[in-house]
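# Examination of the molecular architecture
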Protein chains: 2
Amino acid sequence: MRVVISLGVAVSLLMASSVTQAADEKQIKEAIEYRQSALSVMGWNFGPLGAMAKGDMEYDAEEASMRAERVAVLAKMPWEGFIEGSLRGAGHGADTDALAKIADNRDDFESLQREMEDATAKLAEVAQQDDYAALRQQVAATGKTCKNCHDEYRADD
Amino acid sequence: MRVVISLGVAVSLLMASSVTQAADEKQIKEAIEYRQSALSVMGWNFGPLGAMAKGDMEYDAEEASMRAERVAVLAKMPWEGFIEGSLRGAGHGADTDALAKIADNRDDFESLQREMEDATAKLAEVAQQDDYAALRQQVAATGKTCKNCHDEYRADD
């Protein structure tokens, strides 16, 4: 009887832990998908600003302002998706370029986030002024804050 | 940065091609991915509002206000991704739940978009008032505008 009980306990513990494990893995995959989606939507909306700044697309003050406003709001969104256990090599099985070293450099990672958020907030302000030269400058400054973080914490492959 | 630039080029090509010729397969796939990402990021941010309204998550006025503000901005984003040739069954090979009949009902589809955008704008206003009963009501009203469009134009399978 003692054996039966201990087996029962073992089985229920196993079931409980597998349920917990599954839920965690699901949450991790959703968080990865969320941050990737947020960054991708931000990239899509930053695209026309980059193209206007480069002269690949005709400058349109109204569109620039609309895109910049969106980018500034989107810039705050991805970060909550970088949850524990969701970085590359953490065994979740999802594709992610977010390097494991983010975990050991949270302060720096967050500081780079703030720089990007500040740059996009300024971008939204500048884009309202209908000043192409100022827009170009701030698009470049914003792009640099993207690159700073990608160079450090995003995989190249 | 490489990704940002190529997206920018893709967007300007998309805009040019809407006048002259249909978008190519790569552009169609990017547009599908964009709208799906935008809708998914909106869903992620609407989630806590739904959970608070249902009593599954403790009401937090600050979080509710932040989420509602995001949702209102995101609500304007997905639509530019529903480009010609990107609906289900159009031979692009990408997975999409966007039914082909959207093409024959653009006015109705856009009218449902406007209803959702209006509901989220009101949601963002209401969420600032720290009035839980009013928030619940507007979360439900907003959810209904999502459902109205999904029932009509999103595949069930």
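Above this note sits the structure.
These notes cover the structure that comes with them.

Basis of the calculations
- Residues numbered from 1 in each chain as written.
- Chains lettered and ligands numbered in written order.
- Predicted model: local features only at pLDDT ≥ 70, side-chain atom pairs only at ≥ 80, totals over all residues.
- Heavy atoms only, no water.
- Least-squares fit on C-alpha atoms with pLDDT ≥ 70 in both.
- Axes fitted to C-alpha atoms, helices over the stretch in contact; angles between N-to-C directions.
- Helix = DSSP H or I, 4+ residues; strand = E, 2+ residues; numbered from the N terminus.
- Parallel < 35°, antiparallel > 145°, perpendicular 65-115°, else oblique.
- Left-handed = near helix turned anticlockwise from the far one by under 90°.
- Contact = heavy atoms within 4.5 Å.
- Nonpolar A, V, L, I, M, F, W, Y, C, P; charged D, E, K, R; others polar.
- Buried area = accessible area lost by both parts, 1.4 Å probe.
- Salt bridge = Lys/Arg side-chain N within 4 Å of Asp/Glu carboxyl O.
- Polar contact = N/O pair within 3.5 Å; in protein donor to acceptor, adjacent residues only side chain to side chain.
- Buried < 20%, exposed > 50% of the residue type's maximum accessible area, 1.4 Å probe, protein only.
- Expected span 1.5 Å × (residues − 1).
- Bend = angle between axes of the 7 residues up to and from the residue.
- Core = buried A, V, L, I, M, F, W, Y, C linked by side-chain atoms within 4.5 Å.

As a further point, take the relation of the copies chain B and chain A. For the pair chain B and chain A, the superposition axis carries a translation of 0.0 Å, the fit reaches an RMSD of 0.1 Å, and the rotation angle comes to 180 degrees. Considering both components of the superposition, the chain copies are consistent with a two-fold axis. If distances are taken from each C-alpha of chain B to the rotation axis, the shortest is found for S37 of chain B, at 2.3 Å.

Residues and elements named next belong to chain B. Running from N to C, helix α2 (residues 25-54) and helix α5 (residues 132-153) point in directions that differ by 125 degrees, and their axes come no closer than 9 Å. With respect to their mutual orientation, α2 and α5 come out oblique. In the packing of α2 onto α5, the handedness of the crossing is left-handed. Here F46, L49, G50, M52 and A53 of α2 lie close against α5, whose contacting residues are Y132, L135, R136, V139, T142 and G143. For the contact of α2 with α5, the per-class residue count stands at seven nonpolar, three polar and one charged.

Turning to the interface of chain B and chain A, a few remarks are in order. With 27 residues of chain B in contact, the opposing surface of chain A contributes 29 residues. Regarding the contact of chain B and chain A, the summed buried area is about 2,400 Å², with carbon and sulfur atoms giving 71% of it. R70 of chain B is the salt-bridge partner of E80 of chain A, the closest N and O atoms lying 2.8 Å from each other. Along the contact surface separating chain B from chain A lie 10 residue pairs in polar contact (both at pLDDT 80 or more). Those elements that place two or more of their residues in the side of chain B that touches chain A are α1 (2-20), α2 and α3 (61-74) of chain B. Take the side of chain B that touches chain A: its biggest share by element is 10 residues, from α2 of chain B.

Counting across every chain of the model gives 20 salt bridges over all chains. We note a salt bridge from R88 of chain B to D157 of chain B, for which the minimum N-O separation is 3.0 Å. Of this pair, R88 of chain B sits in the loop between α3 and α4 (106-127) while D157 of chain B sits in the segment after α5, and the two are 69 residues apart along the sequence. Given a relative accessible area of 30%, R88 of chain B falls into the partly exposed group. Overlapping salt bridges, with partners in common, bring together E63, R67 and R70 of chain A together with E80 of chain B in one network.

All names here are of chain B. With respect to the element layout, L112 can be found in helix α4. For L112, a relative accessible area of 11% corresponds to the buried category. Here the alpha-carbon distance between L112 and K147, two residues 35 residues apart in the chain, equals 9.9 Å. Excluding anything up to four places from it in sequence, L112 contacts N148, C149 and Y153.

Residues and elements named next belong to chain B. End to end, α2 covers 42 Å across 30 residues, agreeing with the expected 44 Å (1.5 Å per residue, within 8%). If you look at α2, its biggest bend is around 30 degrees, right at F46, and the proline P48 turns up within four residues after that. Measuring from the backbone nitrogen of K26 back to the side-chain oxygen at the start of α2 gives 3.1 Å, which picks out D24 as the cap.

For the rest of this paragraph, the subject is the nonpolar core. In terms of nonpolar packing, the biggest core is built from 64 residues, with L49 of chain A together with L49 of chain B touching the most fellow members. When residues of this core are traced back to their parent elements, those giving at least two are α1 (2-54), α2 (61-74), α3 (106-127) and α4 (132-153) of chain A together with α2, α3, α4 and α5 of chain B. Tallying contributions element by element places α2 of chain B first for this core, with 11 residues. When sequence neighbours within four positions are dropped, the list of residues in contact with L49 of chain B reads A64, R67, A68, V71, L123, L135 and V139 of chain B.

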